[in-house]
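# What the coordinates show
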Amino acid sequence: MPAHLDPRLLRAFVTVAEELHFTRAAVRLYLAQQALSRDVRRLERELGAELFVRTTRQVTLTADGERLLPYARRALEAQDELLAAFGQARPLLVDLNSPNLDTGRRVLHRARELAPEHEIMARFESGLAHAAAEVLAGRLDASFGRFAGLDPGLRTRLDHQHVRYEPMALLLPEEHPLAPLAAVPLAALAGETVYAGAGNPRTPEWTDLAHRLFDPRGIAVAPPAPLAVGEEEFQRLMAKSGHPVLAVVGFAALPGTVVRPLVDPVPLSPVSLVWRKGLTHPAFGAVRRAAAEIAEAEGWLRRPETGWIPDVDESVNSVHH
């Protein structure tokens, strides 16, 4: 046995063990695949044990690899804690989708209060589908969104904590006939066309949710539009089309628009905190605690009697929690 083990080698091993794929693990670690393979082979030599079974089609852990994994994770967690104690922990990067959304912003604000010694930084990637790829590549640590809307293959490599049933709403131009209503019954939208991000590769989970809500009710989802980058461009395209925009009740109205909740039934957007399996960071516990605290205090996980969510979301959330 070696007198000591380089934490870099342990991190290489843990990343490959989580991905079971050398190319994906190399992307996460910002390494060439050859360098990653070399690090894993060196660790195997130093331990005198084979850690992975490699074939042209798959990578699996050996019995020794399974035995090493919990020890390696604890060692890396201890290293992260040590660096954090001396102010050297890297920032925790949490995607909030959009500055206009309330859930993630409030969780992040509370997490910073719970862990003031750590740097917890916001990112804005527009949608969970795009953010999930960034999380798995190691360029983000966590995101918020509709976990059931992700591809099942992605979900197997991620974990999540259900945070909120967020009531859905419409963003309406002030001159729209439905704008004077305090709340918009879904039946009043029959024959309408509503924009829900169709064609945006960052937000397919949101468009899917819209189709599940609207298709049985005779409400059309607007066809793909040019991707608007920035609030001003989004506002211009919205004014040009005149279509209502599917949103959530916490969405901040833009100039010349109003936000109106949808009712009869109340459609709910299930929001989860989503992260890569095996994530270790000394500040991440504060984010999970903040999400649980606010959900409990605000009743975020209480569903109204007339609440609606898709069956697939009900199934996925019940399996994980």
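Our structure's up above, just so we're on the same page.
Please read all numbers here as calculations on a predicted model, not as lab measurements.

### Details of the side chain of Asn97
Along the chain, Asn97 turns up in the loop between β3 (92-95) and α5 (102-114). A polar contact is formed between the side chain of Asn97 and the side chain of Asp95, at a distance of 3.0 Å. Engagement of the side chain of Asn97 in a polar contact is seen with the backbone oxygen of Phe144, the distance being 3.2 Å. Excluding residues that lie within four positions of it along the chain, Asn97 makes contacts with Arg123, Phe124, Glu125, Ser126, Gly127, Leu128, Ser143 and Phe144.

### Focus on the layout of surface pockets
Put simply, the largest pocket is a space of about 1,300 Å³. Along the wall of the largest pocket there are 48 residues; nearest its centre are Ser98, Ser126, Thr203, Phe234 and Phe251. Counting residues per element, the ones that place at least two in the lining of the largest pocket are α5, β5 (142-145), α8 (204-214), α9 (231-241), β10 (245-248) and β12 (266-276). Of the residues forming the lining of the largest pocket, the biggest block, six residues, is contributed by α9.

### Some details on the pattern of salt bridges
Applying the stated criterion to the full structure yields 22 salt bridges. Between Asp64 and Arg67 there is a salt bridge whose closest N-O contact spans 3.1 Å. Of this pair, Asp64 and Arg67 both sit in helix α4 (residues 63-85), three residues apart, which is roughly one turn of the helix. Through salt bridges that share partners, Asp102, Arg105, Arg164 and Glu166 make up one connected network.

### A look at the pairing of β5
Burial along β5 is two-sided: Ala142 and Phe144 facing one way and Ser143 and Gly145 facing the other are all buried. As paired elements, β5 and β12 share four bridges and run antiparallel to each other. Note on β12: the bridge partner recorded for Ser143 is Val274.

The rules we used
- Residues numbered from 1 in each chain as written.
- Predicted model: local features only at pLDDT ≥ 70, side-chain atom pairs only at ≥ 80, totals over all residues.
- Heavy atoms only, no water.
- Helix = DSSP H or I, 4+ residues; strand = E, 2+ residues; numbered from the N terminus.
- Polar contact = N/O pair within 3.5 Å; in protein donor to acceptor, adjacent residues only side chain to side chain.
- Contact = heavy atoms within 4.5 Å.
- 1 Å grid on protein atoms, 1.4 Å probe; cavity = no way out; pocket = protein on both sides within 12 Å on 5 of 7 lines; lining within 4 Å.
- Points joined across faces, edges and corners; volume = space filled by probe spheres on them.
- Salt bridge = Lys/Arg side-chain N within 4 Å of Asp/Glu carboxyl O.
- Buried < 20%, exposed > 50% of the residue type's maximum accessible area, 1.4 Å probe, protein only.
- Pairing = 2+ DSSP bridges.

Functional significance is not addressed by these values, which are geometric in nature.
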